[in-house]
Amino acid sequence: MNKYDLTNLSKSEVMELIEYEKNPENLMQYHEIHEQIISTLVFKANTYRCKVKDAYNDILYILNIHTTPISTRFSIGLRFTGINKHLLRLDFGDTLRHTNNRGEADEYIVYGSHAHFNSSDDKYSNKNVIPIDKLSEFKNLKLLYDVLWEYI
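Each value, and the rule that gives it
Residues numbered from 1 in each chain as written. Predicted model: local features only at pLDDT ≥ 70, side-chain atom pairs only at ≥ 80, totals over all residues. Heavy atoms only, no water. Core = buried A, V, L, I, M, F, W, Y, C linked by side-chain atoms within 4.5 Å. Buried < 20%, exposed > 50% of the residue type's maximum accessible area, 1.4 Å probe, protein only. Helix = DSSP H or I, 4+ residues; strand = E, 2+ residues; numbered from the N terminus. Contact = heavy atoms within 4.5 Å. Salt bridge = Lys/Arg side-chain N within 4 Å of Asp/Glu carboxyl O. Pairing = 2+ DSSP bridges. Axes fitted to C-alpha atoms, helices over the stretch in contact; angles between N-to-C directions. Patch = residues over 30% accessible without salt bridge, like charges linked within 9 Å, V, L, I, M, F, W, Y side chains within 5 Å. Areas by Shrake-Rupley, 256 points an atom, 1.4 Å probe, with all protein chains shown as cover.

A closer look at the nonpolar core
Grouped together as the largest cluster of nonpolar side chains are 29 residues, with contacts concentrated most on Leu17, Leu63 and Leu90. Listing elements by their share of this core, those giving two or more residues are helix H1 (11-22), helix H2 (27-40), strand S2 (47-54), strand S3 (59-66), strand S4 (74-80), strand S5 (85-92) and helix H3 (144-151). Each residue touching Leu90, except ones within four places of it in the same chain, is listed here: Phe74, Ser75, Ile76, His114, Ala115, Ile132, Leu135, Phe138, Val147 and Tyr151.

As structure tokens, then:
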């Protein structure tokens, strides 16, 4: 049974999960996750996809890596299965635009690469993003290979 209500995660729970997934308790867990990625990865319609099980938290994720013909425009996301929400999705591309606070008085546009935390998979739902340059792990990365290894 999940110790988290994945449909109603608080900001601190999201950050706790991300921190745990980045830093598993032992090296074997990392190797197990790496093996899951390598052994189940499939490519279809410009997207690499595989399932990844976090046994400690009893969470099944889908790892998506969407590519484009432009080497600096891609997306990497870790989505919860069954609820269509991303724990963390990174969208890379210099020409990307995202509207934060859509329909509010303080609406503004985020230009370029950005990150979605605990956001809906529905592209038409309102959600806010953080510019990649605010995330130290990713701010100087632009190519899929580099971002993928840092993400994993």
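Continuing now.
Concerning the pattern of salt bridges
Two side chains carrying opposite charge are able to pair once their charged atoms lie near each other. For the structure shown, the criterion picks out five salt bridges. Taking the shortest distance from any N to any O, the salt bridge between Glu137 and Lys22 comes out at 2.4 Å. Within this pair, whereas Glu137 is found in the loop between strand S9 (130-131) and H3, its partner Lys22 is found in helix H1, the two being separated by 115 residues in sequence. Exposure remark for Lys22: the relative accessible area of 39% places this residue in the partly exposed category. Across the pair Arg89 and Asp91 runs a salt bridge whose closest N-O atoms are separated by 2.8 Å. Here the two residues Arg89 and Asp91 agree in accessibility, since each one is buried.

What about the environment of Met15?
Counting through the fold element by element, Met15 comes out in helix H1. Along the primary structure Met15 and Leu87 are separated by 72 residues, whereas in three dimensions their C-alpha atoms are 9.1 Å apart.

Topic: the sheet that holds strand S8 (residues 114-120)
Here we have seven strands laid out as an open sheet, ordered S1-S2-S3-S4-S5-S8-S9, and antiparallel in their pairing. Single-partner strands in this sheet number two, and they are strand S1 (42-44) and S9. Sheet topology places S1 next to S2; three bridges connect them, and they run antiparallel. By the bridge assignment, Val42 is partnered in S2 with Arg49. The strands that H1 touches are S2, S3, S4, S5 and S8; relative to S5, the one it contacts most, it runs at about 70 degrees. Contacts from H3 reach S3, S4 and S5, with the element oriented near 25 degrees to S4.

Some remarks on a nonpolar patch on the surface
A surface patch of nonpolar side chains, amounting to about 260 Å² of accessible area, comprises Leu41, Phe43 and Tyr48. Of note, Phe43 is situated in strand S1.

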